[in-house]
Amino acid sequence: MFSTVPINSSRYSPVLRNSTRSNSVEPSRGKRPSTKSTTSVGRSPIKVSRSPAAQPIASELLEEASVLTTPPTAGPSVPLKHPSIEAIATVQCNQVLDFIVRQNREKYSTVFSRVTPRQYNSILRASEKLTGKPRLAYDFETLRLEVDMPSCVHDSATNVIRRGLESVDRMLHDLIAARLIHSEIHPSLTLNTGKKEFVPDCVHVVTARCNPPVSKIPSIVEVAFSQSEAALLDRFRNAVKFYPELGMILMLVINETPPYLSPKPLGHTWRKLRPRDDKPHHSALAFLSLRDEPQSLDEPTPVIVEDHSWCAITDIQVQVWVRGRRGAINIDTKDNRLTARGSLFPIYNEAAMKDVTLMIMKGLELTRDCFVEQCRLADRDASVSNLRSAQLPLPFKWEDIVDGLTYATQATAHDRYRSWYHNLANALHEEKAEEYVEVTGKRTADESEIDTPNDGRLVRPRIGMKTRAAARSASYG
């Protein structure tokens, strides 16, 4: 469950700002929108997922978000010339939750604009009920919300680093005679930095057992998979201002260039791998057996099937910052005594990665010093000589990260293929159903509930039948 602090809504006014690009629904021109429901725009409500397994969860979360974002109204309803702010807010929450609960996903990260603090709190509370926790990064000034969902590539690298930090935490605890501190490596702790909130992949929190307890954060870790490195650096700059005790920040950036795209509709890959009535989708074994060269079991090579790249890690960069004697960490420093950067893949820069390793060890020494300070805070007479003299080597191997990404790349490629397959199958199923409507004028009960307006009129699609399925399959992600 996310841990966060209450947002001062009086400081950050939840007013929608005009923008040329937005994920919210814009008022239509020349038509008066319906005021019968705040969860629908036009003739159909927001649809979360066609998957039967995901539909109950999605419906529950969207219903909660609608309640949280739509204040009660009093008196008779008055026809509106434009959609109300409350209706737009509900649609905005629906769009975010739609991305979060989507089962068949091909994209793991996206950014939503014009999300108000009230909407952000609603989304935060609704997402706490999910097993696969999204990582949310919110900017109270620009009203931008970045949503990162778990992926095999991201989690593979994160798990190696987190296990290493947990081993360091246990080693330091074993050197403390009494129960003076409590420490934990948090995988989903929300850090509030005033105007921004974000969830790092690992947050090491050390708490002195005194009254009241005093907590410090000696280190944080961020692993980015096809995310903006500039956005990460901006988060770090805010973090060091609010947590000057931070001793180390470790960043690992996994790039996929160009970013993944679904197969081109009606193209070669689309025709070869599209759903067929008599065949299910390929299993992981069958799918990977269709791979083109090159292939490797030692490093992450591109997974290319039927001339389409399903996952291709192009490079992995590592950078670490440590706190100096004069103050907090400086993210923009070029001092090689306070920061180091190296290439882990495709070319292992041995000299640069040696500097990165030494810088991480320096950061672990600062973590050890944080343990010492917290022990002395809990008990001024505590014996910390063994703790102070502890030597801490690098707690993980770089080759373990590369080796894990080798197989995570393959798993991600198959996940993307499977998601694309099911999304396209749903689109083709809708295509057949709408074609049936065009010919017979009849629909099933489920389709009537989705497509029929409140006045019972039959609304038929206007776009060409042959291009609709391709258009829909391209829009899924």
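Caption draft 1: Molecular detail of the packing of aromatic side chains. The full count for this structure, using the stated rule, is 12 aromatic pairs. Pairing Tyr 138 with Phe 140 gives two aromatic rings, centres 4.8 Å apart and planes at 85°, and the pair type is edge-to-face. In this structure, Tyr 138 and Phe 140 share a single accessibility class: buried. A centroid spacing of 5.8 Å and a plane angle of 90° characterise the contact between Trp 310 and Tyr 417, whose relative ring orientation is edge-to-face. On the criterion of sequence distance, the pair formed by Trp 310 in strand E13 (residues 308–311) and Tyr 417 in helix H10 (residues 398–440) is long-range, its members being 107 residues apart.

Caption draft 2: Structural detail: a negative patch on the surface. A surface patch of negative charge is lined by Asp 298, Glu 299, Glu 399, Asp 400 and Asp 403. A relative accessible area of 38% means that Asp 400 is categorised as partly exposed.

Caption draft 3: How the structure looks around the sheet that holds strand E9 (residues 202–208). On the basis of which strands lie adjacent, the open sheet formed by six strands has the order E6-E9-E10-E11-E14-E15 and mixed pairing. Of all the strands in the sheet, the pair left with one neighbour each is strand E6 (181–186) and strand E15 (339–345). For this sheet, the mean angle separating the axes of adjacent strands, direction not counted, is 10°. Docked against the sheet, helix H4 (residues 152–174) engages E6, E9, strand E10 (214–225) and strand E11 (248–255), running at close to 155° with respect to E10. Of the strands in this sheet, E10, E11, strand E14 (315–322) and E15 touch helix H5 (residues 229–242), which is tilted by about 170° from E11.

Caption draft 4: Broad picture of the nonpolar core. Counting 50 residues, the largest nonpolar core has Ile 161, Leu 252, Ile 254, Ile 360, Phe 396, Trp 398 and Ile 401 as the members making the most contacts within it. Of all the elements, helix H8 (residues 350–378) adds the most residues to this core, at 10 residues. Ignoring anything within four residues of it in the chain, the contact list for Ile 401 reads Ala 157, Val 160, Ile 161, Leu 252, Leu 344 and Phe 396. Among the nonpolar cores identified, the runner-up in size contains 22 residues, and Leu 233, Met 251, Ile 329 and Ile 331 belong to it.

Caption draft 5: Structural view of the confidence of the model for the chain. When pLDDT is averaged along the chain, the result is 79, and 72% of the positions lie at 70 or above. Confidence over residues 62–82 falls short of pLDDT 50; this stretch has 33 contacts with residues more than four positions distant or in other chains. For the stretch residues 445–477, pLDDT sits under 50, and the model shows 57 contacts to residues farther than four places along the chain or on other chains.

Caption draft 6: Fine view of the sheet that holds strand E8 (residues 196–198). Taking strand neighbours across the sheet as the criterion, the five strands line up as E3-E5-E4-E8-E7 in an open arrangement whose pairing is antiparallel. The two strands at the open ends of the sheet, each matched to only one other strand, are strand E3 (109–112) and strand E7 (191–192). Relative to strand E5 (residues 144–148), strand E4 (residues 135–139) runs antiparallel, the two sharing five bridges. For Tyr 138, the partnering residue across the bridge sits in E5 and is Leu 145. Against the sheet, helix H3 (residues 117–127) touches E4, E5 and E8, its axis set at about 170° to E4.

Caption draft 7: Representation of the environment of Pro 187 within the structure. By the element assignment, Pro 187 lies in the loop between E6 and E7. Overall, Pro 187 belongs to the partly exposed group, its relative accessible area being 33%. C-alpha separation for the pair Pro 187 and Asn 159, spaced 28 residues apart in sequence, amounts to 9.7 Å. Beyond its immediate stretch of four places on either side in the chain, Pro 187 contacts Arg 135, Arg 162, Val 199, Pro 200 and Asp 201.

Caption draft 8: Structural context of a positive patch on the surface. On the surface, a cluster of positive charge is made up of Arg 271, Lys 272, Arg 274, Arg 276 and Lys 279. Here Arg 271 shows up in helix H6 (residues 268–273). For Arg 271, a relative accessible area of 49% puts it in the partly exposed group.

Caption draft 9: Expanded view of the pattern of salt bridges. This structure, assessed with the given rule, holds 14 salt bridges. A salt bridge links Arg 135 to Asp 201, with the shortest nitrogen-to-oxygen separation between them at 3.1 Å. Of this pair, Arg 135 sits in strand E4 while Asp 201 sits in the loop between E8 and E9; the two residues are 66 residues apart in sequence, bridging distant segments of the chain. The exposure class assigned to Asp 201 is buried, which follows from its relative accessible area of 0%. Through salt bridges with shared partners, a single network forms among Asp 139, Lys 196 and Asp 234.

Rules used in this analysis
Residues numbered from 1 in each chain as written. Predicted model: local features only at pLDDT ≥ 70, side-chain atom pairs only at ≥ 80, totals over all residues. Heavy atoms only, no water. Phe/Tyr/Trp six-rings, centres within 6.5 Å; stacked < 30°, edge-to-face > 60°. Buried < 20%, exposed > 50% of the residue type's maximum accessible area, 1.4 Å probe, protein only. Helix = DSSP H or I, 4+ residues; strand = E, 2+ residues; numbered from the N terminus. Patch = residues over 30% accessible without salt bridge, like charges linked within 9 Å, V, L, I, M, F, W, Y side chains within 5 Å. Areas by Shrake-Rupley, 256 points an atom, 1.4 Å probe, with all protein chains shown as cover. Salt bridge = Lys/Arg side-chain N within 4 Å of Asp/Glu carboxyl O. Lys, Arg positive; Asp, Glu negative; His and termini not counted. Charge placed at Lys NZ, Arg CZ, Asp CG, Glu CD. Pairing = 2+ DSSP bridges. Axes fitted to C-alpha atoms, helices over the stretch in contact; angles between N-to-C directions. Contact = heavy atoms within 4.5 Å. Core = buried A, V, L, I, M, F, W, Y, C linked by side-chain atoms within 4.5 Å. pLDDT = per-residue confidence, 0-100.

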